[in-house]
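Topology and contacts: notes
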Amino acid sequence: MIIDDGIVFRRADEKDAPVLVRLYDGAAAWMRENGIEQWKAGEKDAEHFRRKMREGEVWLARDADGAVCGAYELWWSDEEAWGVQPPVAGYVHRLMVDRATAPAGTGRRLLEHAEARIARTRRELARLDCQSTNPRLLSYYRSAGYRVVGEFPSKVAEDGRVYGVVLLERRLDV
């Protein structure tokens, strides 16, 4: 358990899967309400998050009152988007914030926690991707210190939909 600026981080376990589904669906609904076509409610089920817990790490964040305010997935490879890479990076996925409970700045705190977790493994890069059609999210990541290093125009979603992503990375102090 890591306490950081009033936010308590812990690795999610299998019993947290329904909470992660709720966070994902809430984030997807918020995106849709704000004209962002990226995630779809119902697209990730509890088994998705359980699988990610087995394959990598999933972190859950609670606010000072104990309410879940966000989560993210941390992968140690992402061959689909980045190809085969040497083990120099961690890959942040599904950064989710509960807009009803999260204090201001929670998204950035989640990202910083992921970066610190990656740096503790002596990997020097934090990497992520965002849909090419989401300039708002691209701007958010750039303002957090990420730089565009490429584009992958044909990522395939679980439902077979093909979309483009922008590849971003940030050098970490290790």
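Here the structure is shown first, and the text comes after it.
Presented here is a report on the structure given in the accompanying data block. (Residues numbered from 1 in each chain as written. Predicted model: local features only at pLDDT ≥ 70, side-chain atom pairs only at ≥ 80, totals over all residues. Heavy atoms only, no water.)

1. Some remarks on the side chain of E169
In this fold, E169 is placed in strand β8 (residues 162-171). Among all residues touching E169, those that are not within four sequence positions of it are W82, L125, A126, R127, G145, Y146, R147 and V149. (Helix = DSSP H or I, 4+ residues; strand = E, 2+ residues; numbered from the N terminus. Contact = heavy atoms within 4.5 Å.)

2. Notes on the layout of surface pockets
Taken as a whole, the largest pocket spans an internal volume of roughly 1,000 Å³. Around the largest pocket, the lining comprises 45 residues; the ones closest to its centre are M31, Q38, W39, L95 and L137. Looking at the lining of the largest pocket, the elements with two or more residues in it are α1 (17-33), α2 (46-55), β5 (89-97), α4 (106-120), β6 (125-131), α5 (135-143), β7 (147-156) and β8. Taken together, the residues that form the lining of the largest pocket break down as 23 nonpolar, 8 polar and 14 charged. (1 Å grid on protein atoms, 1.4 Å probe; cavity = no way out; pocket = protein on both sides within 12 Å on 5 of 7 lines; lining within 4 Å. Points joined across faces, edges and corners; volume = space filled by probe spheres on them. Nonpolar A, V, L, I, M, F, W, Y, C, P; charged D, E, K, R; others polar.)

3. Describing the nonpolar core
Soluble globular proteins: nonpolar side chains tend toward being buried together. Judged by nonpolar contacts, the single largest core of 27 residues is most densely connected at Y72, V92, Y141, Y146 and L168. Counting only elements with at least two residues in this core, the list comes to β2 (7-11), β3 (57-62), β4 (68-75), β5, α4, β6, α5 and β8. In contact with V92, not counting residues within four places along its chain, are Y72, E73, L74, L111, A114, I118, R127 and L128. By size, the runner-up hydrophobic cluster in this structure holds 19 residues, among which are F49, M53, V68 and M96. (Core = buried A, V, L, I, M, F, W, Y, C linked by side-chain atoms within 4.5 Å. Buried < 20%, exposed > 50% of the residue type's maximum accessible area, 1.4 Å probe, protein only.)

4. Some points on the pattern of salt bridges
Tallied over the entire structure, the rule returns 16 salt bridges. Across the pair R94 and E73 runs a salt bridge, and its minimum N-O distance is 2.9 Å. Of this pair, R94 sits in strand β5 while E73 sits in strand β4; the two residues are 21 residues apart in sequence, bridging distant segments of the chain. Judged by its relative accessible area of 0%, E73 falls in the buried class. The structure contains a network of salt bridges with shared partners spanning R11, E57 and R117. (Salt bridge = Lys/Arg side-chain N within 4 Å of Asp/Glu carboxyl O.)

5. Overview of the packing of aromatic side chains
Under the definition given, this model contains 4 aromatic pairs. Each ring, one from Y140 and one from Y141, has its centre 5.6 Å from the other, and the planes form 65 degrees; the classification is edge-to-face. Taking relative accessible area as the criterion, Y140 reaches 28% and is therefore assigned partly exposed. With 6.2 Å between their ring centres and 65 degrees between their planes, Y141 and Y146 make a pair best called edge-to-face. Three or more aromatic residues joined by ring pairs make a cluster, and in this case those are Y140, Y141 and Y146. Cation over ring: R99 sits above W30, and NZ or CZ is 3.7 Å from the ring centre. Across from the ring centre of Y140, 5.2 Å away, lies the NZ or CZ of R108, which sits over that ring. (Phe/Tyr/Trp six-rings, centres within 6.5 Å; stacked < 30°, edge-to-face > 60°. Lys NZ or Arg CZ within 6 Å of the ring centre and 35° of its normal.)

6. Brief notes about the pairing of β4
Judged by how many residues are buried, β4 sits mostly within the fold: 8 of 8 residues are covered. Of the strand pairs in this sheet, β3 and β4 are connected by 6 bridges, and their pairing is antiparallel. Paired with W59 across the two strands is Y72, which belongs to β4. When β4 meets β5, the two strands line up antiparallel, connected through 5 bridges. The residue bridging E73 from the neighbouring strand is H93, located in β5. (Pairing = 2+ DSSP bridges.)

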